[in-house]
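Coordinates in review
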Amino acid sequence: MRRGVVTFLQRSSHHISFRPSTTLKMVQPDSKKTCFRIGTHSGTFHCDEALACFMLRQLPTYKDALLVRSRDPSVLSDCDIVVDVGGVYDPATHRYDHHQRGFAETMSSVSGGKMAFDTKLSSAGLVYHHFGKQVLAEMASDISEDNREIIYRRLYEYFFEEVDAVDNGVNQTEEKPKYHVTTTLAGRVRALNPNWNDEKQDFDGQFAKAMNLVGQELTDRINGMARVWLPAKNLVKQAFEDRFNVHPSGKIIRLSGDGCPWKQHLYDLEEETDTEGSILYVLAKSADSWRVITVGVKGEGFTNRLPLPEKWCGVRDEALSELTGIPQCVFVHASGFIGGNRTMEGALQMASKSLEIQGKV
């Protein structure tokens with residue numbers, strides 16, 4: 001076996017692929033040290049240390065490292081790097097725990113304010129801070145350094161911060177949730193732990209599966225950001241700059257890419273040009289029609305800047321065309337966040353008429 005967990009990643013110029021393993025080579029406490037060792041705690045495992053261990057195994061230094069799962073200080077002291085156990089955070093000795101009394105580090109504090117995120121770090125966040133850029137260089141080597149910097153920040157905001165928050169018991173909102181969310185990455189990792197009433201409890205074997213699970217998630221996120229999200233930036237910028245040619249109000253943009261991820265790029269462009277909140281509708285092509293998509297209020301979930309008219313909501317096809325006076329309408333969603341027309345001209349008419357009806361022109 002080439003490494004403790006069979007090779008996770010193979011790189012190509014097009015994408016990052018993932019090859020799973022369900023085996024994990026453990027080192028016995030009394031075995032002679034022959035290579036690098038990554039230490040973490042034994043027993044019940046969580047998402048943060050599985051992710052921390054996976055990231056370390058992507059680095060040249062630790063690619064062949066053995067994984068030691070123990071809570072015995074004498075065993076852990078022989079490890080080259082220890083995560084999520086030991087009660088010490090000391091980068092100089094490669095100790096990355098967050099459970100000790102007085103630990104309150106956030107991405108903001110450890111980055112000197114360069115990353116303005118105030119969620120308390122878990123072992124995943126600590127390892128990401130200290131090794132994340134090296135991990136990205138290994139996993140996305142064909143992406144430019146500037147783009148890796150963009151991905152590094154976005155990956156923390158939209159992936160690692162959630163892991164840190166869940167592990168540290170930080171609620172997403174101060175309000176009482178209206179429903180249960182049980183399919184998070186942390187929840188799926190937790191479910192891999194042996195059941196309390198299993199006759200044989202193989203924590204180490206299940207931890208290998210947990211590393212595979214989080215590794216696949218991380219790989220997919222990096223692929224999505226590097227190969228899908230970043231390339232869309234120029235398309236959105238072009239549409240933003242062309243907005244007054246689409247509609248004289250400048251409140252509608254038209255995207256040329258089918259399924260192009262536009263939302264965060266649009267928010268960034270508005271912020272850069274001091275035009276926050278100016279774009280109300282996005283026209284985007286689907287398989288056989290054009291969509292009128294309302295722009296959401298940043299950070300407010302399902303709240304939109306200007307939903308389509310309430311009287312259109314839930315109406316379809318000919319009935320909708322008669323109601324709006326616009327040919328070839330397809331639908332308007334019951335909540336008004338999206339509508340459709342068979343032609344681009346019809347979709348533009350729907351967006352334009354919505355602005356008129358609601359006094360935005």
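Above this text you will find the structure in question.
Residues numbered from 1 in each chain as written. Predicted model: local features only at pLDDT ≥ 70, side-chain atom pairs only at ≥ 80, totals over all residues. Heavy atoms only, no water.

**Brief notes about the side chain of His98**
- Its location among the elements puts His98 in the loop between strand E7 (95-96) and helix H3 (107-110).
- Overall, the relative accessible area of 2% leaves His98 in the buried class.
- Reaching out from His98, the side chain makes a polar contact with the side chain of Asp48 at a distance of 3.4 Å.
- Looking at His98, its side chain comes within polar contact range of the side chain of Asn168, at 3.1 Å.
- Every residue in contact with His98, bar those within four places of it in the chain, is listed here: Asp48, Asp84, Phe103, Lys120, Leu121, Ser122, Ser123, Leu126, Asp167 and Asn168. (Helix = DSSP H or I, 4+ residues; strand = E, 2+ residues; numbered from the N terminus. Buried < 20%, exposed > 50% of the residue type's maximum accessible area, 1.4 Å probe, protein only. Polar contact = N/O pair within 3.5 Å; in protein donor to acceptor, adjacent residues only side chain to side chain. Contact = heavy atoms within 4.5 Å.)

**Re unusual backbone geometry**
- In this model, His94 sits at a positive phi of 60°, which is unusual for a non-glycine residue.
- Looking at where His94 falls in the secondary structure, it is placed in the loop between strand E6 (89-90) and E7.

**Describing the environment of Asp78**
- With respect to the secondary-structure elements, Asp78 resides in the loop between helix H2 (73-76) and strand E5 (81-83).
- Residue classification places Asp78 among the partly exposed residues on the basis of a relative accessible area of 35%.

**Re the pairing of strand E11 (residues 329-332)**
- In the sheet, E11 pairs with strand E12 (residues 338-341) via three bridges, with the strands oriented antiparallel. Residue pairing across strands places Val332 opposite Gly339, the latter belonging to E12.
- A loop of five residues connects E11 with E12, the two strands running antiparallel in sequence, and Gly336 in this loop sits at a positive phi of about 80°. (Pairing = 2+ DSSP bridges.)

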